[in-house]
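Residues per chain are reported as follows:
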Amino acid sequence: MNASRIPWPGLVIALLTCLTLLSFGLDGWSVLAVFVVWIGTLWLVRAEPPPQRPPTNGASFSRESMGDLFEHSEAPVLVTDRDRVIIANLAARGLLGSHVIGQDARMALRQPEAVRLLDRSADGSAVVRGLARRGDIWRVNRKKLDGDLAVIEFVNKTAEADISRAHTDFVANASHELRTPLASIIGYVETLREDVDDLDPKMADKFLSTIQREGKRLQDLVSDLMSLSRIEAEKHDLPTDQIELSSLVQSAARDGAGSERAERLDFETAGPFFVRGDKQQLEQLVRNLVDNAMKYGIADSPVTVRLHPRGENRVRLTVTDRGEGIAAEHIPHLTRRFYRTDPGRSRASGGTGLGLAIVKHIVERHRGRLDIESTLGEGTRVTVTLPLDSDAE
């Protein structure tokens, strides 16, 4: 302790107090203990406080440390000094190119909305379209730092916009599909009610048959919409039940064909195959494929269903019809919701336009692969490849 900081008045008072206690006959050791404690408290009070660190400022946050901080961020990030790019992280270099470093940010972006954002002195954000490729959408956020530094962050909103657009299209298509049979049902019911006394019984029976057919179509459409919704809700959950696929495919194929078309079914399997799957969804997959093949194949022509191994770890299901076939330009779109190559024929046959969309989502949930091949004038073959259960004996 510094001599100039020795608490002399306190020491004198402590000494006088201890002498007084001794004069009253108090034990010497007790008085000594009091003196030591007193001196200790004086030392603690007068001890120097620990040195304080000088306050940090923005200068200690170097360009190198900023670069390291942002380098592996998933979002593209630029750091600018007087609007000139001094740091571009890995994602930003992939988006805008490595040459962006050293450029004026306005020249690098070349978007009117982004330029207006950079010309403002305040923080803010802007939505930019077509930044990297046609149709993409980005939200650009700008935050000013000390001095002339600023951070520009890019948030990709393309997927969000695509989902919103797909949802809008789906609602519009579903509404159209529901509206058509409803309009037919309402029209025929109104006719029956207006001419109930004068309507010919044969004509009335024809109207009622149409109402029944359109009502069944509505029922099938609602059922498929609910199935698709359930499958999409579970698409990230791996199925856990062990399924013997041969017996399931044979049974579901018969159900898909129905009693009136069962003689057209040609089924063959190379043996038992065990997979991890959802029984109801796999049955629905087979029924949809067989029903499609029966509808679009030539009347009375066979539909072949084959179940064979694919290598050592996979099994392949193929459903083949002998029909008119599908033009090559339609094949990539067949699994889209409500997509039809021939809308009139599809509706006449009772199709909802959701069968292959449901199949695609079931295959994806089971970590499989779906392939569609078709030759005009010969027919169509749909192949589903699924992984075998490695725990099956």
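Look a little higher up for the structure.
Residues numbered from 1 in each chain as written. Predicted model: local features only at pLDDT ≥ 70, side-chain atom pairs only at ≥ 80, totals over all residues. Heavy atoms only, no water.

Asker: Help me out: how do you make sense of the overall build of the protein in this one?
Answerer: What the protein contains, in helices and strands, is 12 helices and 12 strands. In the protein, buried positions account for 35% of the 393 residues. Summed over all atoms, the accessible surface of the protein reaches about 23900 Å², with 54% contributed by carbon and sulfur. (Helix = DSSP H or I, 4+ residues; strand = E, 2+ residues; numbered from the N terminus. Buried < 20%, exposed > 50% of the residue type's maximum accessible area, 1.4 Å probe, protein only. Areas by Shrake-Rupley, 256 points an atom, 1.4 Å probe, with all protein chains shown as cover.)

Asker: Can you help me understand the environment of Ser125 in this one?
Answerer: Along the polypeptide, Ser125 turns up in strand β3 (residues 124–129). A relative accessible area of 41% means that Ser125 is categorised as partly exposed. Residues Ser125 and Glu113 lie 12 residues apart in sequence; the distance between their C-alpha atoms is 9.2 Å. Discounting residues that sit within four places of it in the chain, Ser125 has contacts with Leu117, Arg120, Arg139, Val140 and Asn141. (Contact = heavy atoms within 4.5 Å.)

Asker: Help me understand the packing of aromatic side chains, please; the structure alone is not making it clear to me.
Answerer: The geometry of two aromatic rings is summed up by the distance between their centres and the angle between their planes. Scanning the entire structure with this criterion turns up 1 aromatic pair. Consider the rings of Tyr188 and Phe207, whose centres lie 4.8 Å apart with planes at 55°: the pair is tilted. One end of the pair, Tyr188, is in helix α7 (residues 158–194); the other, Phe207, is in helix α8 (residues 201–233), and 19 residues separate them in sequence. (Phe/Tyr/Trp six-rings, centres within 6.5 Å; stacked < 30°, edge-to-face > 60°.)

Asker: Explain the sheet that holds strand β5 (residues 149–156) here, please?
Answerer: Within a sheet, each strand pairs with its neighbour through backbone hydrogen bonds, oriented either parallel or antiparallel. On the basis of which strands lie adjacent, the open sheet formed by 5 strands has the order β2-β1-β5-β4-β3 and antiparallel pairing. If you trace the sheet from one side to the other, it starts and ends with β2 (84–88) and β3, each paired once. Each strand axis lies, on average, 25° off the axis of its neighbour in the sheet, ignoring direction. Sheet analysis places strand β1 (residues 77–81) next to β5, joined by 5 bridges and oriented antiparallel. By the bridge assignment for β5, Val77 is matched with Glu153. Where helix α6 (residues 112–119) meets the sheet, it contacts β3, β4 (137–144) and β5, and its direction lies at approximately 165° from that of β3. (Pairing = 2+ DSSP bridges. Axes fitted to C-alpha atoms, helices over the stretch in contact; angles between N-to-C directions.)

Asker: Which parts of the structure should I look at to understand empty space enclosed by the protein?
Answerer: Think of a ball as big as a water molecule: rolled over the atoms, this probe shows where empty space is left. Evaluation of the coordinates by the stated rule reveals 1 cavity of 30 Å³ or more. Every residue lining the largest cavity is listed: Leu245, Val249, Leu282, Leu285, Val286, Leu307, Val315, Leu317, Val384 and Leu386. Those elements giving two or more residues to the lining of the largest cavity turn out to be α9 (245–257), α10 (279–296), β10 (314–320) and β12 (379–387). Ranked by residue count, the leading element in the lining of the largest cavity is α10, at 3 residues. (1 Å grid on protein atoms, 1.4 Å probe; cavity = no way out; pocket = protein on both sides within 12 Å on 5 of 7 lines; lining within 4 Å. Points joined across faces, edges and corners; volume = space filled by probe spheres on them.)

Asker: Honestly, the packing of α8 against helix α12 (residues 355–365) in this entry has me stumped. Any pointers?
Answerer: Geometry of a packed helix pair, given as the angle between the helix axes and the separation of the axes. For the pair α8 and α12, the least separation of the axes is 10 Å and the interaxial angle reads 20°. Classified by the interaxial angle, the pair formed by α8 and α12 is roughly parallel. The interaxial crossing formed by α8 with α12 has left-handed handedness. Between α8, through Asp224, Ser227, Leu228, Ile231 and Glu232, and α12, the contact on the second element is made entirely by Ala357, Ile358, His361 and Ile362. Grouping the constituent residues of the contact of α8 with α12 by class yields 5 nonpolar, 2 polar and 2 charged. (Parallel < 35°, antiparallel > 145°, perpendicular 65-115°, else oblique. Left-handed = near helix turned anticlockwise from the far one by under 90°. Nonpolar A, V, L, I, M, F, W, Y, C, P; charged D, E, K, R; others polar.)

Asker: I would appreciate a short explanation of the pairing of β1 in the present structure.
Answerer: If a strand is regular, its side chains alternate between the two faces of the sheet. Judged by how many residues are buried, β1 sits mostly within the fold: 4 of 5 residues are covered. One ladder, built from 4 bridges, connects β1 with β2; its direction is antiparallel. Paired with Val79 across the bridge in β2 is Ile87. If you look at the hairpin formed by β1 and β2, you'll find 2 residues sitting between the two strands, and Arg82 has a positive phi there, around 55°.

Asker: Would you mind showing me how to read the side chain of Arg142 here?
Answerer: Secondary-structure assignment places Arg142 in strand β4. Note on Arg142: relative accessible area 7%, which makes it buried. A distance of 2.8 Å separates a polar side-chain atom of Arg142 from the backbone oxygen of Arg120. Those residues in contact with Arg142 that lie beyond four places of it in its chain are Asp83, Leu117, Leu118, Arg120, Ser121, Ala122, Asp123, Gly124, Ala150, Val151 and Ile152. (Polar contact = N/O pair within 3.5 Å; in protein donor to acceptor, adjacent residues only side chain to side chain.)

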